[in-house]
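What follows is the residue order along each chain.
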Amino acid sequence: MPHPSPSSHLKPLEAEYRPTVPTDVAGAIRYQQRGAHDPSQTTADGVIWRATRTPEGLATIAIRPGLRTVRAAAWGPGAAWTLDQLPRLCGADDDPGDFDASRHPLIAATHHRRPDLRIGATDLVFDALVSSVFEQKVTGLQAFGAWRRILTHYGDAAPGPTPRPMYAPPADWRMIPSWSWHRAGLEPPQSRTIVDAARRRASIERAAVAAVTGDDRDRVFTSLPGVGVWTSAETRIRAFGDPDAVSFGDYHVAHQVGYALTGSRVDDDGMRELLEPWKGQRQRVIRLIGASGVVEPRRGPRLAPEDHRDR
C-alpha cells in the first residue's frame, strides 16, 4: 500500500522523457541509491521513487522506465524541477562520444554488449557531497545505516503517495545535535566535516557548478577540511555524472580494475596507469568493468579495514 503523506491527495505533475539512444535508465538512477533501505530512494513494482530537496523545495518523483519512454509523476513544491531535471538523472547528457573501447578486449566486449550504459547526474551538489562524507572510513553497511537514521529522524517526509515512508535530506545539517551523529554511527570527523561544509553550502554549490573541469571541482571540494580526493570524486560522479572521476583511495576499486584488466590486483598508482589511456572517460571504464561480470575470486574472510579511503 502506498504511504500517504499530507500532500498525497494533490494531483501530481506528470511528464515523459524519450531517450534518443538506448539507455539503461534504471541502472543510471539506481547508482544514486544509498543501500537497500535508503529512505530517500527505493524501487517498488518497477517504479523508482526518489525523495529530494530541490532548489525549489521538497519533491517526490516516481519514475517508470519503459522500452522507449520514461514516464514520471512528481509531487511537492519542487515537482516541476525534478521533471525538468529527469533527463540528466537518466544520463541524457552522458555522451560516450569518441570513447575507444578497443584498447582492451574486456572493455570492448562489455561496451558492445552494453551500449545503453549511461552515467546519471542529480545536480544536487550538497546532498552528493554529504552522502559521500557519510561513506568515509567505514563499510557500506555502516554508512548506509547512518544515512538512514539521520534522514529518518531529521529529514522531511516526502510528499506524495510513496510506497513506504520516505524522507528527503535535512534542510539544515547544522541543526542535528552531536549525540544524534554518534547514535547514528557516524564518527566526529565526518559529522564535523558535514556541519562545517553546511556553513558554506551556498558558496560551495555556486563554485562547483561554475567550475569547468573535474580538476576545478576537485579544488573546490578538497578546499573543505575533511574532504579529500575520494570524497570529491564521489561527489562529482553523483551530482554531475562525471565520466572521468576516479575514486582514488578506495582499495576495492583499484583491486577490481587491476584484476579485470590484468588478472592481478593493483594499488592506486597501478590503477592510475591502467586507466590513463582512457583519460576523460575513466569512470566509464570502471562502470563497464562493473557491468562485465568479472569479479576477483574471494581469497578468505571479508575484511573491514578501519580506514581504506582517502577523505
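So, a few notes on the structure that sits alongside this text. Everything numeric in this text was worked out from a predicted model, so none of it was measured.

Thresholds, definitions, all that
- Residues numbered from 1 in each chain as written.
- Predicted model: local features only at pLDDT ≥ 70, side-chain atom pairs only at ≥ 80, totals over all residues.
- Heavy atoms only, no water.
- Pairing = 2+ DSSP bridges.
- Helix = DSSP H or I, 4+ residues; strand = E, 2+ residues; numbered from the N terminus.
- Axes fitted to C-alpha atoms, helices over the stretch in contact; angles between N-to-C directions.
- Core = buried A, V, L, I, M, F, W, Y, C linked by side-chain atoms within 4.5 Å.
- Buried < 20%, exposed > 50% of the residue type's maximum accessible area, 1.4 Å probe, protein only.
- Contact = heavy atoms within 4.5 Å.
- Parallel < 35°, antiparallel > 145°, perpendicular 65-115°, else oblique.
- Nonpolar A, V, L, I, M, F, W, Y, C, P; charged D, E, K, R; others polar.
- Salt bridge = Lys/Arg side-chain N within 4 Å of Asp/Glu carboxyl O.

### Here we look at the sheet that holds strand β3 (residues 47-54)
Thinking step 1. Judged by pairing direction, the sheet is antiparallel, and its five strands sit side by side in the order β1-β5-β4-β3-β2 without closing on themselves. Single-partner strands in this sheet number two, and they are β1 (13-17) and β2 (41-44). The average angle at which neighbouring strand axes cross in this sheet is 20 degrees, direction not considered.
Thinking step 2. As judged from the five bridges shared by β1 and strand β5 (residues 70-75), these two strands associate in the antiparallel manner. Counted as the bridge partner of leucine 13 is alanine 74 from β5.

### Topic: the nonpolar core
Thinking step 1. If you look at the biggest cluster of nonpolar residues, it comprises 28 residues, and the most contacted ones within it are Leu129, Phe134, Trp173, Trp181, Ile194 and Phe221.
Thinking step 2. Residue assignment for this core shows that the elements contributing at least two residues are α4 (125-134), α5 (140-154), α6 (178-184), α7 (188-198), α8 (201-210), α9 (214-222) and α10 (229-240).
Thinking step 3. When residues in this core are grouped by element, the largest group, seven residues, is from α4.
Thinking step 4. If sequence neighbours within four positions are ignored, tryptophan 173 has contacts with Phe126, Asp127, Val130, Phe134, Trp147, Ile150, Leu151, Trp181, Ile194, Val195, Ala198 and Arg201.
Thinking step 5. One finds Ala260, Leu261, Trp278 and Val285 within the second-largest nonpolar core, a separate group that totals 20 residues.

### Things to note about the environment of alanine 254
Thinking step 1. Of note, alanine 254 is situated in helix α11 (residues 251-262).
Thinking step 2. In this structure, the C-alpha to C-alpha distance between alanine 254 and methionine 166, residues 88 residues apart in sequence, is 34 Å.
Thinking step 3. Once residues lying within four places of it in the same chain are set aside, the contact partners of alanine 254 are Val266, Asp267, Asp268 and Met271.

### Remarks on the side chain of threonine 52
Thinking step 1. Tracing the chain through its elements places threonine 52 in strand β3.
Thinking step 2. A relative accessible area of 6% places threonine 52 in the buried class.
Thinking step 3. Filtering out sequence-adjacent residues up to four positions away, threonine 52 remains in contact with Gly57, Leu58, Ala59, Thr82, Leu124 and Ala168.

### Examining the packing of α4 against α8
Thinking step 1. The N-to-C vectors of α4 and α8 enclose an angle of 105 degrees; their axes lie 9 Å apart at closest approach. Between α4 and α8, the interaxial angle falls into the category roughly perpendicular. Along the contact surface, α4 presents Val125, Phe126 and Asp127, while α8 presents Arg201, Glu205, Ala208 and Val209.
Thinking step 2. Classifying every residue of the contact of α4 with α8 by side-chain character gives four nonpolar, no polar and three charged.

### Notes on the pattern of salt bridges
Thinking step 1. Taken as a whole and assessed by the stated rule, the structure comprises 20 salt bridges.
Thinking step 2. Across the pair glutamate 296 and arginine 265 runs a salt bridge whose closest N-O atoms are separated by 3.0 Å. Highlighted residues: glutamate 296 in the segment after α13 (282-292) and arginine 265 in the loop between α11 and α12 (268-275), separated in sequence by 31 residues.
Thinking step 3. Taking relative accessible area as the criterion, arginine 265 reaches 43% and is therefore assigned partly exposed.
Thinking step 4. Salt bridges sharing partners connect three or more residues here, namely Arg34, Glu135, Glu234 and Arg238.

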